[in-house]
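Summary of structural features
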Amino acid sequence: MKFLKSFLVSLCVLAAIYLGVGRLIDPRGNFKTDIFPRITMDARADKTRLFSAYQAKGSVTGLILGSSRSMKMKPQDFAAVAGGRVFNFSVNSARTEDMLAIYRWVRLQGARPRVIVVGLDVEALHDNVKFSSQLENHSALRKMLKEPLPKKSRLSRLKKSVTSYKDALTADFARDMGTSLRMRIAPNWHGVARFEHDGYIYYRDKDRALQDGTDELDMEISKSIAEYKQRFGEMKSLSVKRRAYLETLLDEAHRDGAQVIVWLTCLHPRTAEALRQSTRYAQLLEQSRSYLRDLQQSKHIIACDFSELQFFAGSLSDWYDGSHIAPRNAGLVGAALLAKLKADSRLPVRRAMPAKH
Amino acid sequence: MIFNSNIFLFVFLPVVFSLFWLAKTKQQRYVLLTISGFIFYGYWNWKFCFLLLFSSLISYLVALRITDTDSERAKRGWMIGAICVDLCLLGFFKYYNFFAETVHALAPAIAPPLLHVVLPIGISFYTFHTISYIVDVAAGRVRATRNVFEYFTYVSLFSQLVAGPIVRFRQIEDDLEHIDGPPRQDYIALGLGFFVVGMIKKVVVADSFADAINPILAAPETMSQLGAWLAALGYTLQLYYDFSGYSDMAVGLGYLFGLRIPQNFNAPYRALGIGDFWRRWHISLSTWLRDYLYIPLGGNRRGAIRTNVNLMLTMLLGGLWHGASWTFVLWGAYHGALLVFDRLAQPWLTRLPTLLYRGGTFVAVVFGWVLFRAENLPAALDWMGKMLGFGIPPGAQAVPPLLLWGCLAGIIAVNTLPETWDIRFGVRLRWAPVYAAGLLLAYLFMNGHDSPFLYYQF
């Protein structure tokens, strides 16, 4: 059994070395080592940092909220109507509790947005998922919500630690370590994406591929379809709790004198069609549209339905994947929203405009 | 339970291995391997353990009856009876749905009820184990064991229970007899070597090809001609690395317990002719079909026409063995026709340049795998049509360059790299860290991915 013993000892030593290096590099921020650059997007952490720096240089008067589908909305497009500096505070997988927490936190930093642009995904009102782990782990944002913080027992901390090490023992994690090292060695190499000082996102490879015409949109859409089928597969209706978060946000914004425009975000037609065939997406979309019309009447907001391409004259090809619009489409949405804001632009908030687009 | 899972690697295998080598007597080890085999099988669905138990008991008892009977007629009767029981069980669980759905489609008035019978995992494999045992006992090629746990060890050995290789009792009879021996360092080293290489083939290579081709096959309406070819080549490589990887792991596990499992693959994509392909691919199945079906049918001893009929019949049943679907039947018929052609055209084919003969064989095999992988016949025909340039849609999807390079690298690899059995695994201590590094690499690819072996579905 000498061979087996030698094998097992070698395995343990190699695994320990690998995990030690993984913990040191910590590409996903699981171990909070913070020595090497993180490659995963933790927009909540990144944007709170960026916002503080941005606000310090001049008061923020405009706010863009939403998920990654709103990350390509250019803040400077809304500067004129907001009367100052605008910050894109959209975060990945944002749901309405994220938006409320962010708005309250922004107010706590002393900012007083006059204009708030909210990109609402249908699944931001998901009735069957918990808070994002990035929100739970961001204590400053999490405190903005009234729900008590989950208690972290010793067992749960141990469990989390074991999970982190287990997740590190994957090829994807090893690849991420390489990426993080690269980001450290080559300062101009920003990884997959970076946020600019005003919260706008720049996708290093994707934007270049779009420019060169070498993007693989069909393949990306196919991948998105699989992911979104899973996402919508568990969604049965619009969550009452999440609707309450959104309505609280709108009430507080109205009370603070802000003008709010809420737009229903879009999925690529292929994604939408696939979801219609295998999930309750069609019904959920109709419920969201109806809900938005109700909000327009009751909450003094401007509501826009941009859930289909033709509603903003969008392009079939200007997409990163099956759910994220690329710059040209984002520009069209931005222009349409701006037009509505300009037509309604006056402080304090006026009565609602007619429904739809 | 699959070999590339945390429950197997960190719980089942260490526990069974430790208990096995702590046990000192033959009987203790037989009992342990039997119980572990049933636990391994029952992890999927404990209810079907009874089926495995029943099938094993029948063949064990019948083999003893055959041994204790002097009458040749009685021996034959018992043999046929036991085989019928096994085939009835296999027929019902594997083919009833297929049969009922087919009759339903053709003549609903007389169709049997649709029962949606669950296919027990590994039934095709362990049924062939038990049948080979009964036939070999009846033919006097092997002595029937009187130790029920020795027999159960043979049938339920977890390393080959659910996806082969199809091991005959006589192939491991000697090792079973000496199972109470001490551990051998060379066997442990070989076992680890085979296991690690097999796992790398499966989780690193095969699963990578699967990830690359599955999106193309999920959207056949946008498949280009190049996409169709790359999907077929990708699947050809995926299937080989997946199945041979599994077989290597099974061999490795056998060595860890002092049992030598026979070789199942021998560089099949280097075959010269389809006959040669079947001497290199899934060797345990092809030799089983040869010895227990083709030869009893007459083999090549009854003239050319009968030989060709026997070949076709054997391959048709071989195709059906893989699955209850018309695509598998057609795949079997396709290979049967190729074997007949190969046999008839041998004098001319052997005159071809080696590269051409090998390339032609490979392309013929690739086309056959399309039938194997396609969901149904129309999908298979559509896919083949696209490979030949027919029915290409106007907005056909571009193919990821990585798949193209991957297929090229794969084809070069299968034609140049040694088969696992040809690797001279180091058995000295200094090789242990190398195997450990290999296992760690494989684990990184395996962790977090649930990917059963392709042959589990048979």
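Residues numbered from 1 in each chain as written. Chains lettered and ligands numbered in written order. Predicted model: local features only at pLDDT ≥ 70, side-chain atom pairs only at ≥ 80, totals over all residues. Heavy atoms only, no water.

**Describing the overall build of chain A**
From N to C terminus, chain A includes 14 helices and 7 strands. With the C-alpha coordinates aligned to their principal axes, the bounding extent of chain A is approximately 80 × 45 × 40 Å. The proportion of buried residues among the 357 residues of chain A is 51%. Relative to all contacts within chain A whose residues are 6 or more apart in sequence, the contacts with residues 24 or more apart total 76%. Of the accessible surface of chain A, which amounts to about 16,600 Å², a share of 55% is contributed by carbon and sulfur atoms. (Helix = DSSP H or I, 4+ residues; strand = E, 2+ residues; numbered from the N terminus. Buried < 20%, exposed > 50% of the residue type's maximum accessible area, 1.4 Å probe, protein only. Contact = heavy atoms within 4.5 Å. Areas by Shrake-Rupley, 256 points an atom, 1.4 Å probe, with all protein chains shown as cover.)

**Quick notes on helix H1 (residues 2–25) of chain A**
In a regular helix each residue adds 1.5 Å, so 24 residues correspond to 34 Å; H1(A) covers 34 Å between its end C-alpha atoms and thus fits that length. Every buried residue belonging to H1(A) is among Phe3(A), Leu4(A), Phe7(A), Ser10(A), Leu11(A), Ala15(A), Tyr18(A), Leu19(A), Gly22(A) and Ile25(A), and all of these are buried. Those residues of H1(A) that are buried are in contact with helix H7 (154–168) and helix H8 (171–185) of chain A together with helix H1 (6–22), helix H8 (185–218) and helix H18 (432–446) of chain B. A positive backbone phi angle near 45° is found at Asp26(A), which sits one or two residues after H1(A). (Expected span 1.5 Å × (residues − 1).)

**Side note on unusual backbone geometry**
Of note, the amide linkage connecting Gly164(B) to Pro165(B) takes the cis form, showing an omega dihedral of 0°. With respect to the helices, strands and loops of the structure, Pro165(B) is situated in the loop between helix H6 (148–156) and helix H7 (169–177). Notably, Asp26(A) is not glycine yet its phi reads approximately 45°, a positive angle. Mapped onto the elements of the fold, Asp26(A) is located in the loop between H1 and helix H2 (43–56). Given the relative accessible area of 3%, Asp26(A) is considered buried.

**Observations concerning the packing of helix H9 (residues 225–256) of chain B against helix H15 (residues 354–373) of chain B**
Residues and elements named next belong to chain B. Axis separation between H9 and H15 bottoms out at 9 Å; the angle between their running directions is 90°. Relative to H15, H9 is oriented roughly perpendicular. Listed contacts from H15 to Trp229, Ala232, Leu233, Tyr235, Thr236 and Leu239 of H9 are Phe362, Val363, Val366, Phe367, Trp369, Val370, Phe372 and Arg373. Grouping the amino acids of the contact of H9 with H15 by side-chain chemistry returns 12 nonpolar, 1 polar and 1 charged. (Axes fitted to C-alpha atoms, helices over the stretch in contact; angles between N-to-C directions. Parallel < 35°, antiparallel > 145°, perpendicular 65-115°, else oblique. Nonpolar A, V, L, I, M, F, W, Y, C, P; charged D, E, K, R; others polar.)

**Description of a nonpolar patch on the surface**
Residue and element names in this part refer to chain B. A cluster of nonpolar side chains, namely Ile7, Phe10, Val11, Val15, Leu19, Leu22 and Tyr43, defines an oily patch on the protein surface of about 670 Å² accessible area. Assignment of secondary structure puts isoleucine 7 in helix H1. For isoleucine 7, a relative accessible area of 32% corresponds to the partly exposed category. (Patch = residues over 30% accessible without salt bridge, like charges linked within 9 Å, V, L, I, M, F, W, Y side chains within 5 Å. Salt bridge = Lys/Arg side-chain N within 4 Å of Asp/Glu carboxyl O.)

**Some thoughts on the interface of chain B and chain A**
Listed as interface residues are 27 residues of chain B and, on the opposing side, 19 residues of chain A. Both faces combined, the contact of chain B with chain A buries some 2,100 Å², and carbon together with sulfur accounts for 78% of it. Together, Leu440(B), Leu444(B) and Asn447(B) form the three largest contributors to the area buried by chain B at its contact with chain A, with a combined 25%. Applying the counting rule to chain B against chain A returns 0 salt bridges. Counting across the chain B and chain A interface gives 3 residue pairs in polar contact (both at pLDDT 80 or more). (Buried area = accessible area lost by both parts, 1.4 Å probe. Polar contact = N/O pair within 3.5 Å; in protein donor to acceptor, adjacent residues only side chain to side chain.)

**Digging into the pairing of strand S3 (residues 115–120) of chain A**
Residue and element names in this part refer to chain A. Summarising burial for S3: 6 of the 6 residues are buried, a large majority. Residue alternation in S3 divides its side chains into two sets, Val115, Val117 and Gly119 and Ile116, Val118 and Leu120, and both sets are buried. Bridge count for strand S1 (residues 60–65) against S3 is 4 bridges, and the pairing is parallel. Paired with leucine 65 across the two strands is valine 118, which belongs to S3. Here 6 bridges tie S3 to strand S6 (residues 259–264), and the two strands are oriented parallel to one another. The partner of glycine 119 across the bridge, within S6, is tryptophan 263. (Pairing = 2+ DSSP bridges.)

**Examining the packing of aromatic side chains**
Residues and elements named next belong to chain B. Counting across every chain of the model gives 72 aromatic pairs over all chains. Between tyrosine 133 and tyrosine 154, the ring centres sit 6.3 Å apart and the planes meet at 45°, which makes this aromatic pair tilted. Of this pair, tyrosine 133 sits in helix H5 (residues 123–138) while tyrosine 154 sits in helix H6, and the two are 21 residues apart along the sequence. Tyrosine 133 sits in the buried class, given a relative accessible area of 0%. By relative accessible area, tyrosine 154 is classed as buried at 0%. (Phe/Tyr/Trp six-rings, centres within 6.5 Å; stacked < 30°, edge-to-face > 60°.)

**Section: helix H14 (residues 327–344) of chain A**
Taking 1.5 Å per residue as the helical rise, H14(A) with its 18 residues ought to reach 26 Å, and the 25 Å between its terminal C-alpha atoms agrees with that figure. Buried within H14(A) we find Asn329(A), Ala330(A), Val333(A), Gly334(A), Leu337(A), Leu338(A), Leu341(A) and Asp344(A).

**Quick look at the confidence of the model for chain B**
Confidence in the prediction for chain B averages 91 pLDDT; 99% of positions are at 70 or higher. Confidence metrics for the complex model read pTM 0.78 and ipTM 0.88. (pLDDT = per-residue confidence, 0-100.)

**Some thoughts on the sheet that holds strand S7 (residues 302–305) of chain A**
Residue and element names in this part refer to chain A. Reading across from one edge, S2-S1-S3-S6-S7 is the order of the 5 strands in this open sheet, with parallel pairing throughout. Each edge of the open sheet carries a strand with a single partner, namely strand S2 (85–88) and S7. When the angles between neighbouring strand axes are averaged without regard to direction, this sheet yields 15°.

**Focus on the side chain of Ser224(B)**
All names here are of chain B. Mapped onto the secondary structure, serine 224 falls in the loop between H8 and H9. Its relative accessible area of 13% is what places serine 224 among the buried residues. Setting aside its immediate chain neighbours within four residues, serine 224 contacts Ile392, Ala396, Gln397 and Val399.

**Some points on the nonpolar core**
Core analysis: the biggest nonpolar cluster contains 168 residues, and Phe8(B), Phe158(B), Trp281(B), Trp369(B) and Trp383(B) have the highest contact counts within it. Sorting elements by how many residues they give to this core places H9(B) first, with 18 residues. If we skip the residues at most four places from it in the chain, Phe8(B) touches Met1(B), Ile2(B), Phe3(B), Leu13(B), Pro14(B), Phe40(B), Phe158(B), Phe195(B) and Leu253(B). Counting residues in hydrophobic clusters, the runner-up holds 59 residues, among them Trp105(A), Leu141(A), Phe232(A) and Ile301(A). (Core = buried A, V, L, I, M, F, W, Y, C linked by side-chain atoms within 4.5 Å.)

**Notes on the confidence of the model for chain A**
Per-residue confidence for chain A gives a mean pLDDT of 88; residues scoring 70 or more make up 93%. Here residues 347–357 of chain A is a poorly scored stretch, pLDDT under 50, and it has 25 contacts once near neighbours within four places are set aside; other chains count.

**Some points on the pattern of salt bridges**
Residues and elements named next belong to chain A. For the structure shown, the criterion picks out 40 salt bridges over all chains. Residues arginine 142 and glutamate 136 are paired through a salt bridge, measuring 2.8 Å at the closest nitrogen-oxygen approach. The partner of aspartate 256 in a salt bridge is arginine 255, with the nearest N and O atoms 3.6 Å apart. A relative accessible area of 9% means that aspartate 256 is categorised as buried. Classification of arginine 255 as exposed rests on a relative accessible area of 61%. Connected via shared salt-bridge partners are Arg69, Asp121, Glu123, Glu227 and Arg231.

**Topic: the packing of H9(B) against helix H17 (residues 401–416) of chain B**
Residues and elements named next belong to chain B. For the pair H9 and H17, interaxial distance at closest approach is 10 Å and the crossing angle is 45°. Accordingly, the angle class assigned to the pair H9 and H17 is oblique. Of the two elements, H9 crosses H17, and the hand of that crossing is left-handed. Here H9 contributes Leu230, Leu233, Gly234, Leu237, Tyr240 and Tyr241 to the contact with H17, which in turn contributes Leu403, Leu404, Cys407, Gly410, Ile411, Ala413 and Val414. (Left-handed = near helix turned anticlockwise from the far one by under 90°.)

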